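Given next are the chains, with one letter for each unit.
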Amino acid sequence: MKNKIFALVFMLICILPAAAQEQHLTHRQINEDILFSPEFEAYRYGRRNDENGVGKAWFERFRILHISDIHQCNDNLKEALEVAAPRVHAILNTGDDANGVRSADAATVRKELDASIGTVLETNTIPFLQVPGNHDVTGLTKKEFFDRAGNAVQRFCPDVVWGDKAGYRSYGYMDFTDASYNGNFRIIMLDPFDYDDGMFETKYQFISAVFSQKQIDWFIEVLTDAASEGLHVITMMHYSFGDSTVFNEETANPDATFCQDPFMIPDIIDAVQHKGKISRTYEDKAGIHDVRIDRDFSDVADLDFVAHLFGHIHSKNNYQCQRADGKKYDMLMLGESSLGISGTALNKKHVERGTIAGIAFSALEIDVFEKAIYRVSYGAYLNYDKSDCSRTAKIPYRFE
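Residues numbered from 1 in each chain as written. Predicted model: local features only at pLDDT ≥ 70, side-chain atom pairs only at ≥ 80, totals over all residues. Heavy atoms only, no water.

1. Observations regarding the overall build of the protein chain
Part 1 of the argument: A count of helical and extended segments in the protein chain gives seven helices and 19 strands.
Part 2 of the argument: Here the protein chain holds 400 residues, and 56% of them are scored as buried.
Part 3 of the argument: Of the contacts made within the protein chain by residues no fewer than 6 positions apart, 69% connect residues no fewer than 24 positions apart.
Part 4 of the argument: As displayed, the protein chain has an accessible area near 17,100 Å², and 51% of this comes from carbon and sulfur atoms. (Helix = DSSP H or I, 4+ residues; strand = E, 2+ residues; numbered from the N terminus. Buried < 20%, exposed > 50% of the residue type's maximum accessible area, 1.4 Å probe, protein only. Contact = heavy atoms within 4.5 Å. Areas by Shrake-Rupley, 256 points an atom, 1.4 Å probe, with all protein chains shown as cover.)

2. So, the packing of aromatic side chains
Part 1 of the argument: Taken as a whole and judged by the stated rule, the model has 15 aromatic pairs.
Part 2 of the argument: For the ring pair tyrosine 181 and phenylalanine 185, a centre distance of 6.5 Å and an interplane angle of 55° mean the geometry is tilted.
Part 3 of the argument: You can call tyrosine 181 buried: its relative accessible area is 8%.
Part 4 of the argument: Positioned above the aromatic ring of tyrosine 173, the side-chain terminus of arginine 186 is 4.1 Å from the ring centre.
Part 5 of the argument: Above the ring of tyrosine 329, the side-chain terminus of lysine 327 is found at 4.9 Å from the ring centroid. (Phe/Tyr/Trp six-rings, centres within 6.5 Å; stacked < 30°, edge-to-face > 60°. Lys NZ or Arg CZ within 6 Å of the ring centre and 35° of its normal.)

3. Examining the nonpolar core
Part 1 of the argument: In terms of nonpolar packing, the biggest core is built from 51 residues, with Ile188, Ile216, Phe219, Leu223, Phe241 and Ile293 touching the most fellow members.
Part 2 of the argument: Those elements giving two or more residues to this core turn out to be helix H6 (213-228), helix H7 (264-273), strand E12 (277-282), strand E13 (291-296), strand E14 (304-310), strand E15 (318-322) and strand E16 (328-335).
Part 3 of the argument: Here this core gets eight residues from one element, more than from any other, and that element is H6.
Part 4 of the argument: When sequence neighbours within four positions are dropped, the list of residues in contact with isoleucine 293 reads Ile216, Ile220, Met264, Ile268, Ile278, Ser279, Arg280 and Tyr282.
Part 5 of the argument: Core analysis: the second largest hydrophobic core is formed by 30 residues, Phe176, Tyr181, Val306 and Val368 among them. (Core = buried A, V, L, I, M, F, W, Y, C linked by side-chain atoms within 4.5 Å.)

4. Description of the packing of helix H3 (residues 74-84) against helix H4 (residues 106-123)
Part 1 of the argument: Two elements in contact, H3 and H4, have axes whose closest approach is 10 Å; the angle formed by their N-to-C orientations is 25°. With respect to H4, the axis of H3 lies roughly parallel. Along this stretch, H3 crosses H4, giving a crossing that reads as right-handed. The segment H3 lies against H4, with Asn74, Leu77, Lys78, Leu81 and Glu82 engaging Ala115, Ser116, Thr119, Val120 and Thr123.
Part 2 of the argument: Classifying every residue of the contact of H3 with H4 gives four nonpolar, four polar and two charged. (Axes fitted to C-alpha atoms, helices over the stretch in contact; angles between N-to-C directions. Parallel < 35°, antiparallel > 145°, perpendicular 65-115°, else oblique. Left-handed = near helix turned anticlockwise from the far one by under 90°. Nonpolar A, V, L, I, M, F, W, Y, C, P; charged D, E, K, R; others polar.)

5. A short note on the confidence of the model for the protein chain
Part 1 of the argument: Scored by pLDDT, the protein chain has a mean of 82; 78% of the residues are at 70 or more.
Part 2 of the argument: Contacts of residues 382-387 to residues separated by more than four positions or lying in other chains number 10 contacts, the stretch itself having pLDDT below 50. (pLDDT = per-residue confidence, 0-100.)

6. Digging into unusual backbone geometry
Part 1 of the argument: A positive phi angle, close to 50°, is found at histidine 71, a residue other than glycine.
Part 2 of the argument: Within the secondary structure layout, histidine 71 lies in the loop between strand E3 (62-67) and H3.
Part 3 of the argument: Positive phi, normally seen in glycine, also occurs at histidine 314, with a value near 55°.
Part 4 of the argument: Tracing the chain through its elements places histidine 314 in the loop between E14 and E15.

7. Focus on the packing of H4 against helix H5 (residues 142-156)
Part 1 of the argument: With their axes 10 Å apart at the nearest point, H4 and H5 run at an angle of 5° to one another. The angle between H4 and H5 places the two elements in the roughly parallel class. Mapping the contact onto sequence places Arg110, Leu113, Asp114, Ile117, Val120 and Leu121 in H4 and Glu144, Phe145, Arg148, Ala149, Ala152, Arg155 and Phe156 in H5.
Part 2 of the argument: Within the contact of H4 with H5, the residues separate by chemical class into eight nonpolar, no polar and five charged.

8. Details of the pairing of strand E7 (residues 172-176)
Part 1 of the argument: With four of five residues buried, E7 lies mostly within the body of the structure.
Part 2 of the argument: Sheet analysis places strand E6 (residues 161-162) next to E7, joined by two bridges and oriented antiparallel. Considered in E7, the bridge of tryptophan 162 is made with glycine 172.
Part 3 of the argument: Relative to strand E8 (residues 185-189), E7 runs antiparallel, the two being bridged by five bridges. Within E8, the residue paired with glycine 172 across the bridge is methionine 189. (Pairing = 2+ DSSP bridges.)

9. What to know about the pattern of salt bridges
Part 1 of the argument: Applying the stated criterion across every chain yields a total of 24 salt bridges.
Part 2 of the argument: Here glutamate 144 makes a salt bridge to arginine 110, at a shortest N to O gap of 3.0 Å. With glutamate 144 in helix H5 and arginine 110 in helix H4, this pair connects stretches of sequence that are 34 residues apart. (Salt bridge = Lys/Arg side-chain N within 4 Å of Asp/Glu carboxyl O.)

10. Quick look at the environment of asparagine 99
Part 1 of the argument: Here asparagine 99 lies in the loop between strand E4 (90-93) and H4.
Part 2 of the argument: The exposure class assigned to asparagine 99 is partly exposed, which follows from its relative accessible area of 34%.
Part 3 of the argument: Each C-alpha atom, one on asparagine 99 and one on histidine 71, is 5.9 Å from the other, the two residues being 28 residues apart in sequence.
Part 4 of the argument: Apart from the residues lying within four places of it in its own chain, the contact partners of asparagine 99 are His71, Gln72, Glu112 and His135.
Part 5 of the argument: Among the polar contacts made by the side chain of asparagine 99, one reaches the side chain of histidine 71 at a distance of 2.8 Å. (Polar contact = N/O pair within 3.5 Å; in protein donor to acceptor, adjacent residues only side chain to side chain.)

This is the structure:
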């Protein structure tokens with residue numbers, strides 16, 4: 001009997017290290033499976049040629065990792081950060097690290113944000129920008145959110161410019177002007193939860209979107225300044241813009257209640273692009289944050305608006321921003337799937353834990369000559385009923 005016990009113990013001693021090694025190799029294999037080569041490397045460089053009028057030469061495109069809707073799958077977040085770090089110039093997180101729904105969830109939301117931000121602080125090494133999602137702000141004060149996500153952004157982007165000098169707002173911008181890639185960019189972080197502390201569940205509900213006059217005034221100045229400086233502009237926010245009553249796979253509209261006109265910000269971008277005018281009050285359904293815009297943009301420099309990045313509906317859609325009445329904007333929207341859970345909104349992707357299909361994110365490579373974005377998708381990217389989807393896509397960002 002003693003000999004049998006000894007043999008069993010000896011066998012376990014031999015097997016356990018091997019099992020641990022196999023687990024480690026599995027993790028490494030995941031890393032290898034979702035490396036950006038060869039698709040990523042194929043789009044990493046563009047070529048100037050006679051057609052775009054710049055002469056023949058190779059250039060490096062500006063590259064972004066877009067992640068969204070982590071929902072506490074922090075192992076997947078870590079995996080994405082490790083893979084991305086040597087290959088992209090910036091990581092953009094469009095929100096929902098946490099899972100809060102009610103003000104009563106505030107303590108849990110704080111704990112969940114601490115966990116995901118802790119993963120970023122431990123793992124990340126490159127510029128990182130983050131905006132709040134509706135699951136991130138339930139019951140939290142602005143300071144509580146800023147002390148977590150805002151401080152992380154500040155750490156990785158020390159030159160970030162915040163819209164509120166008090167420091168407790170989550171809107172701001174970061175300029176990327178490194179000579180190693182082609183084009184200079186301004187990434188603008190927008191906050192659709194721009195109401196005072198304590199108004200959640202009293203004036204504004206779980207998926208409400210509202211902007212303060214201060215944020216809109218700031219956005220206009222930041223946008224027109226970017227045009228004057230020749231910066232290519234990207235906006236990022238948890239929601240897309242659109243009529244929430246039209247919610248389907250083709251339009252990928254926001255599934256959120258915009259308390260002001262859901263096209264207020266597209267109207268601003270459109271007016272700047274076309275050197276137009278806005279003289280209008282955008283009324284707040286809650287009767288608190290009416291926004292007045294009275295601006296003539298006829299003398300503003302040319303604006304190259306690249307795209308608006310969003311999450312929320314867990315769908316990797318790309319579409320032109322447009323109203324239900326048919327008005328179209330020269331404005332590209334790019335969504336992203338949930339990083340770590342099966343889609344509960346539009347994108348019902350199949351998740352296989354421990355494999356490439358257990359993670360979802362995209363690399364965006366921006367070509368300012370072609371006015372296009374090369375998107376390479378990784379992980380569980382397929383829509384439930386669209387088996388012919390491709391991992392790679394060339395998406396024009398000019399419609400006019």
